[in-house]
Number of protein chains: 2
Amino acid sequence: MTGIDEAEAERHRAKMAKRKAVQDAEVAAKTIEKGLLIVNTGPGKGKTTAAFGLALRMLGYGRRVGVVQFIKGKWHTGEREAFAAFGERVVWHSMGEGFTWETQDLKRDVAAAQAAWVKVEELMVDPSISLLVLDELNIALRYDYLDLDRVVAALKGRREGLHVVVTGRNAKPSLVEAADLVTEMGATKHHFSAGVKAQQGIEF
Amino acid sequence: MTGIDEAEAERHRAKMAKRKAVQDAEVAAKTIEKGLLIVNTGPGKGKTTAAFGLALRMLGYGRRVGVVQFIKGKWHTGEREAFAAFGERVVWHSMGEGFTWETQDLKRDVAAAQAAWVKVEELMVDPSISLLVLDELNIALRYDYLDLDRVVAALKGRREGLHVVVTGRNAKPSLVEAADLVTEMGATKHHFSAGVKAQQGIEF
């Protein structure tokens, strides 16, 4: 864009003033404050990464966050190191022992998921926690490592003000139903298809 | 899931062993390492949040990241505060002055976007930067605040090893074409529709 004439600038101003009025009215109509149940699902990238980005935002306000990893026990090295900068304000539990195709041991996977859920219940009643990330919980539910109805009931019954983010592909319909915010990450294009390998700082 | 009999455990083991073999072969086939051009687009949440999550991951490995915000000058208070924990390892430039419907001033918006682009070009040649987040660049491109061909050419010509994440709705086709990884965030369900307002630590 090079020169902008006055008529063009004025049309822009009028259009944006109208848009701002609509925007302001929408904002004013929203008055509820509540702890949200957030689900990041779908086949694309960014489900866990966005959950950790939200945790970072909360940390920026001096709040505390909890992270319970259900499956990827060996991953997230980068985030763990980075969260160490916030000391006691991040409570981290890695319960899974890698993907289920790594362990190939159903009993051990079920036991790990159930132990992780006990940690979740502890953190859900801790009033110092503002946001709880339940990483790859959807995978544990998909493989029936946990009882779906019990998990959904516990999440619905979370204390007022607690935000919870659940990640993982194939979110169960009853969880989606209970959620306030559901985002489906779609893979439009992926560099793995072009032979690029997982790299430090990007995938792990 | 209560009792698991031996036959069930064995079926699970066999299935997962097969899956692991497929997985391992896929990983082995990927050998390329390169700085990625990543685009987070779509109407859903998590575009910027995932970009900042990726920045966090990089920081966990002791690397440096750059952030240039094209539009949301007044936002991201939480992240800015949180990134302060990493001191000099985060270089942050907020060039936009709020959404375009806030300023209602086309000339000022164009000038701000162009000044932001100058910062991007500086950071792109800085060898100490591993990841560059170009937040809401898609909005600046959509409103023609910047020349699309020039921007795409510069991004394609980035130095080897530099990862760049571009966020914002309505990514331009030529940018998608140039990208290695494109994720479309879809809004399956949004709490704003239920009258819930923007809350600290979640939206800002």
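Residues numbered from 1 in each chain as written. Chains lettered and ligands numbered in written order. Predicted model: local features only at pLDDT ≥ 70, side-chain atom pairs only at ≥ 80, totals over all residues. Heavy atoms only, no water.

Going by the annotation in an unreviewed UniProt entry, the name recorded for chain A is Corrinoid adenosyltransferase, with Mesorhizobium hungaricum given as the source organism. According to the UniProt record, the Pathway (unreviewed entry) comment for chain A reads "Cofactor biosynthesis; adenosylcobalamin biosynthesis; adenosylcobalamin from cob(II)yrinate a,c-diamide: step 2/7." In the Subcellular location (unreviewed entry) part of its UniProt record, chain A is described as follows: "Cytoplasm". (UniProt positions renumbered as here; feature names shortened; annotations may be inferred.)

J.: What am I meant to see in the side chain of B:Asp135 here?
T.: Residues and elements named next belong to chain B. Its location among the elements puts Asp-135 in strand β4 (residues 129–135). Overall, the relative accessible area of 0% leaves Asp-135 in the buried class. A polar side-chain atom of Asp-135 sits 2.6 Å from a polar atom in the side chain of Thr-48. (Helix = DSSP H or I, 4+ residues; strand = E, 2+ residues; numbered from the N terminus. Buried < 20%, exposed > 50% of the residue type's maximum accessible area, 1.4 Å probe, protein only. Polar contact = N/O pair within 3.5 Å; in protein donor to acceptor, adjacent residues only side chain to side chain.)

J.: I tried to follow the domain arrangement of chain A on my own but got confused; where do I start?
T.: Many authors give the size of an interface as the accessible area that is lost as the parts come together. Each assigned domain of chain A is listed with its residue range as follows: domain 1 (1–31) and domain 2 (32–186). Spacing between the C-alpha centres of domain 1 of chain A and domain 2 of chain A amounts to 39 Å. (Domains from an automatic or database assignment.)

J.: What should I look at first to understand the pairing of strand β1 (residues 37–41) of chain B in this one?
T.: Both faces of the sheet carry side chains from a regular strand, because those side chains alternate between them. All names here are of chain B. Where burial is concerned, most of β1 is hidden: five out of the five residues are buried. The alternating pattern of β1 places Leu-37, Val-39 and Thr-41 on one face and Ile-38 and Asn-40 on the opposite face, and all of these are buried. In the sheet, β1 pairs with strand β5 (residues 163–167) via four bridges, with the strands oriented parallel. Directly across from Val-39, in β5, lies its bridge partner Val-166. Relative to strand β6 (residues 181–189), β1 runs parallel, the two sharing four bridges. Within β6, the residue paired with Asn-40 across the bridge is Thr-183. (Pairing = 2+ DSSP bridges.)

J.: Help me out: how do you make sense of empty space enclosed by the protein in this one?
T.: If you roll a probe as big as a water molecule over the atoms, it shows you where there is empty space left. As enumerated under the stated definition, the model contains three cavities of 30 Å³ or more in all. A:Lys45, A:Gly46, A:Thr49, B:Leu54 and B:Leu181 are the residues nearest the centre of the largest cavity, which is lined by 14 residues in total. For the lining of the largest cavity, the secondary-structure elements that each account for two or more residues are β1, α2 (47–60) and β6 of chain B. Along the lines of polarity and charge, the residues of the lining of the largest cavity split into eight nonpolar, four polar and two charged. (1 Å grid on protein atoms, 1.4 Å probe; cavity = no way out; pocket = protein on both sides within 12 Å on 5 of 7 lines; lining within 4 Å. Points joined across faces, edges and corners; volume = space filled by probe spheres on them. Nonpolar A, V, L, I, M, F, W, Y, C, P; charged D, E, K, R; others polar.)

J.: In this structure, what is going on with the sheet that holds β5(B)? I would like to understand it.
T.: Pairing between the strands of a sheet is mediated by backbone hydrogen bonds and can be parallel or antiparallel. A sheet is described by the order of its strands in space; here twelve strands give the open sequence β3(A)-β2(A)-β4(A)-β5(A)-β1(A)-β6(A)-β6(B)-β1(B)-β5(B)-β4(B)-β2(B)-β3(B), paired in mixed fashion. Only two strands of the sheet have a single partner each, and these edge strands are β3 (90–94) of chain A together with β3 (90–94) of chain B. Taken over all neighbouring pairs, the strand axes of this sheet differ in orientation by 15° on average, direction set aside. Across the sheet, α2(B) lies against β1, β2 (64–69), β3, β4, β5 and β6 of chain B, angled at about 165° from β4(B), the strand it touches most. Sheet contacts for helix α5 (residues 106–124) of chain B: β2, β3 and β4 of chain B; angle to β4(B), the most-contacted strand, approximately 165°. (Axes fitted to C-alpha atoms, helices over the stretch in contact; angles between N-to-C directions. Contact = heavy atoms within 4.5 Å.)

J.: Whenever I open this one, helix α2 (residues 47–60) of chain A confuses me. Can you help?
T.: The end-to-end C-alpha distance of α2(A), which contains 14 residues, comes to 20 Å, matching closely the 20 Å that a straight helix rising 1.5 Å per residue would cover. Following α2(A) by one or two positions, A:Gly62 has its phi on the positive side, about 80°. (Expected span 1.5 Å × (residues − 1).)

J.: Please explain a positive patch on the surface as it appears in this structure.
T.: A surface patch of positive charge is lined by A:Lys15, A:Arg19, B:Arg142 and B:Arg169. Along the polypeptide, A:Lys15 turns up in helix α1 (residues 6–29). For A:Lys15, a relative accessible area of 56% gives the class exposed. (Patch = residues over 30% accessible without salt bridge, like charges linked within 9 Å, V, L, I, M, F, W, Y side chains within 5 Å. Areas by Shrake-Rupley, 256 points an atom, 1.4 Å probe, with all protein chains shown as cover. Salt bridge = Lys/Arg side-chain N within 4 Å of Asp/Glu carboxyl O. Lys, Arg positive; Asp, Glu negative; His and termini not counted. Charge placed at Lys NZ, Arg CZ, Asp CG, Glu CD.)

J.: How should the packing of helix α5 (residues 106–124) of chain A against helix α1 (residues 6–29) of chain B be read in this particular structure?
T.: Angle between the axes and distance between the axes are the two parameters that describe a pair of packed helices. Contact pair α5(A) / α1(B): the axes reach a minimum separation of 9 Å and the direction vectors enclose 95°. As judged from the angle between their axes, α5(A) and α1(B) are roughly perpendicular. Contacts between α5(A) and α1(B) involve A:Leu106, A:Lys107 and A:Asp109 from the first element and B:Glu6, B:Glu8, B:Ala9 and B:His12 from the second. Partitioning the contact of α5(A) with α1(B) into residue classes produces two nonpolar, one polar and four charged. (Parallel < 35°, antiparallel > 145°, perpendicular 65-115°, else oblique.)

J.: Which parts of the structure should I look at to understand the relation of the copies chain B and chain A?
T.: Each of the two chain copies goes to the other by way of a rotation about an axis and a shift along it. Once turned by 180° and shifted 0.0 Å along the axis, chain B lies on chain A with an RMSD of 0.0 Å. What the rotation and shift describe, once combined, is the action of a two-fold rotation axis. Here 100% of the interface residues in chain B have copies in chain A that are interface residues too; the copies meet face to matching face. (Least-squares fit on C-alpha atoms with pLDDT ≥ 70 in both.)

J.: Please clarify how the interface of chain B and chain A should be interpreted in this entry.
T.: Listed as interface residues are 83 residues of chain B and, on the opposing side, 83 residues of chain A. Here chain B packs against chain A, burying approximately 7,700 Å² in sum over the two surfaces, 61% of which is carbon and sulfur. The interface formed by chain B and chain A contains four salt bridges. One salt bridge in this structure joins B:Glu79 and A:Arg57, with 2.4 Å as the shortest N-O distance. Along the contact surface separating chain B from chain A lie 29 residue pairs in polar contact (both at pLDDT 80 or more). Of all the secondary structure elements, the ones that give two or more residues to the side of chain B that touches chain A are α1, α2, α3 (77–83), α4 (100–103), α5, α8 (173–178) and β6 of chain B. Looking at which element gives the most residues to the side of chain B that touches chain A, the answer is α1(B), with ten residues. The residue inventory of the side of chain B that touches chain A, partitioned by class, reads 35 nonpolar, 24 polar and 24 charged. Note: strand β6 (residues 181–189) of chain A against β6(B), seven bridges, orientation antiparallel. By the bridge assignment, A:Glu184 is partnered in β6(B) with B:Gly186. (Buried area = accessible area lost by both parts, 1.4 Å probe.)

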